[in-house]
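Coordinates in review
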Amino acid sequence: MTKVHTIEVEAFEAIVPGGVRRVTWLVESDGEWHLASESPGASVEARDAGPGMVWVRRVKVPLPPGARLARVESTPERAAPRDPLAYLLGPEQRGGRQTRRSQFVVSVAGKLERIAPPRA
C-alpha cells in the first residue's frame, strides 16, 4: 500500500499596488489540473486575514509520493509611467496580469520538491 502524506499549502489574495496578488494551488489527477481545495479528502481552513489581505486559506490535502502540484501566482502588471496630465485627462488604463507557475512533486518523505515545468 502506498503511503499517503498530508500536504499543507496556503492560498490567498492580497492587496498590492495596482490590484490584487492571488496565489492558488492545483493538483494533477488523471492528466487534469484542479484546485487543491477540491481534491478528495482535502480540508480547507479559513485563516485570519491580516492587514492588506483579502482572504487566506490553509489547504490540507492527502497525496501519495509522486503526486504533482502547481502553485499559480497572479499579480497586476506594472503600468508604464505616464505624464501627470495623462492621468487626469486621458482614458483610464488597466494593466494586464502576470502569471507565474511553479510545479512541485511530493517526495517519498512527504515534502514538496520543486520540479522544472514540462516543455510545451
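Criteria and cut-off values
- Residues numbered from 1 in each chain as written.
- Predicted model: local features only at pLDDT ≥ 70, side-chain atom pairs only at ≥ 80, totals over all residues.
- Heavy atoms only, no water.
- Pairing = 2+ DSSP bridges.
- Helix = DSSP H or I, 4+ residues; strand = E, 2+ residues; numbered from the N terminus.
- Core = buried A, V, L, I, M, F, W, Y, C linked by side-chain atoms within 4.5 Å.
- Buried < 20%, exposed > 50% of the residue type's maximum accessible area, 1.4 Å probe, protein only.
- Contact = heavy atoms within 4.5 Å.

Details of the pairing of strand 7 (residues 97-106)
For strand 6 (residues 68-76) and strand 7, the ladder comprises nine bridges, and the chain directions are antiparallel. In the sheet register, Pro76 faces strand 7, and the bridge partner there is Arg97. The pairing of strand 7 with strand 8 (residues 112-115) spans four bridges and is classified as antiparallel. If you follow Val106 over to strand 8, its bridge partner there is Leu112. Here strand 7 folds back onto strand 8 in antiparallel fashion, the turn holding five residues, of which Gly110 has a positive phi close to 90°.

A few points about the nonpolar core
Counting residues in hydrophobic clusters, the biggest one holds 16 residues, and the most contacted among them are Ile7, Trp25, Leu63, Leu69 and Val106. Breaking this core down by element, the ones donating at least two residues are strand 1 (5-16), strand 2 (19-29), strand 5 (53-63) and strand 7. Apart from the residues lying within four places of it in its own chain, the contact partners of Leu69 are Ile7, Trp25, Leu26, Val27, Trp33, Leu63, Ser102, Gln103, Phe104, Val106 and Leu112.

Points about the environment of Lys3
On the secondary structure map, Lys3 appears in the segment before strand 1. Classification of Lys3 as exposed rests on a relative accessible area of 56%. The spatial distance from the C-alpha of Lys3 to the C-alpha of Pro64 is 6.0 Å, given a sequence separation of 61 residues. Not counting chain neighbours up to four residues away, the residues in contact with Lys3 comprise Pro64 and Pro65.

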